[in-house]
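Observations on chain architecture
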Amino acid sequence: MPDQHKSHATTGRAAVRELLKREGPISADSAAERLAITAMAVRQHLYAMEADGEATYAAEARPRGRPVKLWRATRAADSHFADSHSSLATDLIVQMKKAFGEEGVDRLLKLRNAELEKTYRAKMDRAPSLRAKLDALARIRSAEGYMADVRRDPETGQWLFVENHCPICSAARLCTGLCREELALFNRVLGKNIRVERVSHILAGAGRCAYRVTET
C-alpha cells in the first residue's frame, strides 16, 4: 500500500508540474479545477514542489479578501521535461564554433532549418486555415518536446503560438542563432501573408516562449 500511495502522489505531482508549465502563473484553486482534484491535494503538491525548488509563487492582491498565490514552475522543474540531450548539444556547439567560427555555425543552422522546413511543410501545407496550420505546428513541436499550444491573445484577439518548454535551452544560451532561425522557420512555414513576432522569450527570463501570429 505505501508504494501505491507514493505512485499516486508522484503522478499527481507530475500533472500539477505540467499544468504550471503550461498555464502558470496559476492559483491552486484554478489548478484544482483544471485537474479535477481537490484544492487541498493541489496545495500539498505545490508546497512539496516549493520545498524541492521546483515551484514558486507571487502574491497578487484582490479587491476583497486575502491576496492570492499565483504559482509557476522554476527552472529546477525543467529536469522533468525533455532536454534533447543538452550536454551533447552544448558540447557540439562549442566545438563547431572553434572549428568553423560564428559564420560557419550560422550556415549549419540554415541547412538544418531547410531540412526542418521540408518536414514541417509535409505536415502543414494542406491545412485549410491559419488555425489548422498552427494546430499542426503545435503537434509537431510538442512531439519534439516544446509543449506547444495555440491560444487567443485576450487583449487583441490575435493568435498566440506558445511553447511552454524549451528542450534545447542550454544549447540556445550558447547559440542565439537557434532562436533566430526558429523564428524565421515559423514565418516561412506559416505562409507569405503571415507575420510571426516573438513576444515572450524563455532566454530573456519569461516562463515560456510566445509568438503573436497575424495575417498581413
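From a predicted model like this one, the values you see are computed outputs, not experimental measurements.

What counts, and at which threshold
Residues numbered from 1 in each chain as written. Predicted model: local features only at pLDDT ≥ 70, side-chain atom pairs only at ≥ 80, totals over all residues. Heavy atoms only, no water. Salt bridge = Lys/Arg side-chain N within 4 Å of Asp/Glu carboxyl O. Buried < 20%, exposed > 50% of the residue type's maximum accessible area, 1.4 Å probe, protein only. Helix = DSSP H or I, 4+ residues; strand = E, 2+ residues; numbered from the N terminus. pLDDT = per-residue confidence, 0-100. Contact = heavy atoms within 4.5 Å. Pairing = 2+ DSSP bridges.

Looking at the pattern of salt bridges
- This model, assessed by the stated rule, comprises 23 salt bridges.
- Ionic pairing is found between arginine 62 and glutamate 60, a salt bridge with its closest N-O pair at 3.0 Å.
- Relative accessible area serves as the criterion here: at 36%, glutamate 60 is assigned to the partly exposed category.
- For lysine 110, the salt bridge goes to glutamate 181, with nearest N and O atoms at 3.0 Å. With lysine 110 in helix H4 (residues 86-124) and glutamate 181 in helix H7 (residues 177-190), this residue pair connects regions lying 71 residues apart in the sequence.

Quick notes on the confidence of the model for the protein chain
- Per-residue confidence for the protein chain gives a mean pLDDT of 87, with 92% of residues at or over 70.
- Least confident of the elements in the protein chain is helix H1 (residues 2-23), whose mean pLDDT is 70; most confident is strand E4 (residues 159-163), at 97.
- Of the regions scoring below 50 in pLDDT, residues 1-8 engages in 0 contacts with residues more than four places distant in sequence or in other chains.

Quick notes on the pairing of E4
- Extensive coverage of E4 is indicated by the burial of 5 of its 5 residues.
- Bridging between strand E3 (residues 148-152) and E4 involves 5 bridges; their strand directions are antiparallel. Directly across from aspartate 149, in E4, lies its bridge partner valine 162.
- Between E3 and E4, which follow one another and run antiparallel, lie 6 residues, and glycine 157 among them has a positive phi close to 80°.

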